[in-house]
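Chains, contacts and geometry: an overview
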Amino acid sequence: MKFKEMPYQRVDMEEKKVRFQELMNEFANAESGEAQFQVHKKYYKFKDEIETMVTIAKIRHDIDTTDPFYEKEQSYYDEIEPELIDMNVIYARQMYESPYRSYLEEKIGTVAFKNIQLNIRSFDKKLIPLKQEENALTTAYDKLIASAEIDWEGETLNLSLLRKYLTHKDRQVREKAYTKYCAFFEANGEKLDSIYDELVKNRTKQADELGYDTFVETGYDRVKRNCYDKDMVENFRKQVKEYFVPFAGKLHERRKKRLGLKKLSCIDEGVYFANGNPQPIGSPEEIMACAQKMYGELSKETKEFFDFMSENELFDVLGRKKKRAGGYMTYLPDYNAPFIFANFNGTSGDINVITHECGHAFQGYLSGKDPIKEHSDITMETAEIHSMSMEFFTEPWMNQFFGNRTDDYRFMHLEDAAIFIPYGCMVDEFQHIVYENPQMTPAQRHEAWKKLESQYRPHMDYAGFPYFEKGGFWQKQPHIYDDPFYYIDYCIAQICAFQFKIRMDENYQEAWDSYLKLCNLSASDFFTNMLKEVGLDSPFEDGCVKKIVEKLESLYMTKA
């Protein structure tokens, strides 16, 4: 069914509570493990119906954040989401404590029961008012960012549409765009500080209510860190500081020379060639047609997936005023349908949408066929391997999008992916500092960010842009507000995607088969176990990051 034709009806909580209690009673009265599993399949259907309606409302609200109907629906779901979480936790606890647990665990897997444990540990009904407040605050941040109206030569742009001028080949244009970009954050700095301050207080209070020392532990449980911990993440960041930061420094130095500059400024960030970054050829419609051809040729599985997405109009990728910034893949369980939301803006980022987000959507399409729904409940570092690796697997088709600048795009993509890792780790360490020291003032948070910039991105120069110079750049990163402790997943995944990149350059089909196996594994095993199963090194192990850097330097540094 086409997305525009999917019917929407607000979730009636009173009716759902009645059905929920009926399922709970049926589960409790079941006299065997198999009987409970049959009730569990009914719970799948119950939960899918709710998630489908919530997701339709979210997508339609994000498509136009000023639509009054879906604005009310989003506010409604912000309010009832904690009650939905509470129902899930109550049901999960009954499964966890079932006398037939061993049978159920055999059916749905040990990973699922570990995740149940984390869900139980990280939520309690008494948190509902705090969760409602947290949802309202993150929505306020998203709306504030989406409200940006940047005057550009008579045209009004949002922050996403301004991006093509931030990476323009003309340095004066970039400076003008960056001035306007920075001005938005400076004008809204107090609001952004206030929202985040309230979020930190709110999340810390939630942790206190649950008996955690800090929100760090709560946050880890919320994002289902089910096979690695804070110390392992810290060791990973340590390796990145030791090996990837110097490597990124070499890449920045080489970029500086290509651009013909004596010194890099923040206005040069994201710009890779003096004649400008490669831009996609053709209209958005032509880009999507090329994408369909690409996935049709990549494999029979990707052909089936992309044809399904196209036929059912499961894309909204054109940048528009009042549309939520950014991009994502989400899933509509009642229709076994992924959905991709993005903001095309005429830059190479448009192609990243149909590679990165389609990597997510492809895996979601595959896992949607698995009758065990818990296998779809992948953790984020695994999900980002699917997307980041797809960016590399689609490189043989990039000539369709970039013509005679295909090699420039491939080189830029590799360099950009490598340069990102120190930044992503910096975002993660910043969040650890903030939530381990929740009493920090907004000014102290800005100072903490500024200090981390000097460690992870020593090349960065914000001279002339005082708000960012004092440490305000982090406020443009929605994950810091909306999804605490998610961002490190990108870095962990990028290390794994680089391993696929190195392998595919040696034997493409073998690397693809390994990737397809990882996608099909979904969440049937723990992340660290699945890496071994598909032949990848764990980023947490000493020596992994060093080995990746050495490989990248030997294979690709001589190509630019």
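Attention here is on the structure that accompanies the text. (Residues numbered from 1 in each chain as written. Predicted model: local features only at pLDDT ≥ 70, side-chain atom pairs only at ≥ 80, totals over all residues. Heavy atoms only, no water.)

1. So, the sheet that holds strand β5 (residues 337–344)
The mixed open sheet is built from three strands, whose spatial order is β3-β5-β4. Two strands in the sheet have a free side with no partner beyond their single neighbour: β3 (315–318) and β4 (328–332). Across the sheet, the mean angle separating the axes of adjacent strands is 15 degrees when strand polarity is ignored. Bridge count between β3 and β5: three bridges; the pairing is parallel. Paired with F315 across the bridge in β5 is I340. Packing against the sheet, helix α13 (residues 300–311) makes contact with β3 and β5, and its axis sits at approximately 70 degrees to β5. (Pairing = 2+ DSSP bridges. Helix = DSSP H or I, 4+ residues; strand = E, 2+ residues; numbered from the N terminus. Axes fitted to C-alpha atoms, helices over the stretch in contact; angles between N-to-C directions. Contact = heavy atoms within 4.5 Å.)

2. Structural notes on the environment of F339
Tracing the backbone through its elements, the reader meets F339 in strand β5. What makes F339 buried here is its relative accessible area of 1%. Sequence spacing of F339 and M329 is ten residues, and the spatial spacing of their C-alpha atoms is 5.6 Å. Here F339 is in contact with F3, I59, M309, E313, L314, F315, D316, Y328, M329, T330 and L332, once residues within four sequence places are set aside. (Buried < 20%, exposed > 50% of the residue type's maximum accessible area, 1.4 Å probe, protein only.)

3. Concerning the packing of aromatic side chains
In total, this model carries 62 aromatic pairs according to the counting rule given. For the pair Y181 and F468, a centre-to-centre distance of 6.1 Å together with 65 degrees between the ring planes defines the contact as edge-to-face. Of this pair, Y181 sits in helix α8 (residues 171–187) while F468 is found in helix α19 (residues 466–469), placing the two residues 287 residues apart along the sequence. Taken together, Y295, F305, F306, F308, F315, F362, Y365, F393, F500, Y508, W512 and Y515 form an aromatic cluster joined through their ring pairs. For the cation-ring pair, R258 lies above F273, with the distance from its terminal atom to the ring centre recorded as 5.2 Å. (Phe/Tyr/Trp six-rings, centres within 6.5 Å; stacked < 30°, edge-to-face > 60°. Lys NZ or Arg CZ within 6 Å of the ring centre and 35° of its normal.)

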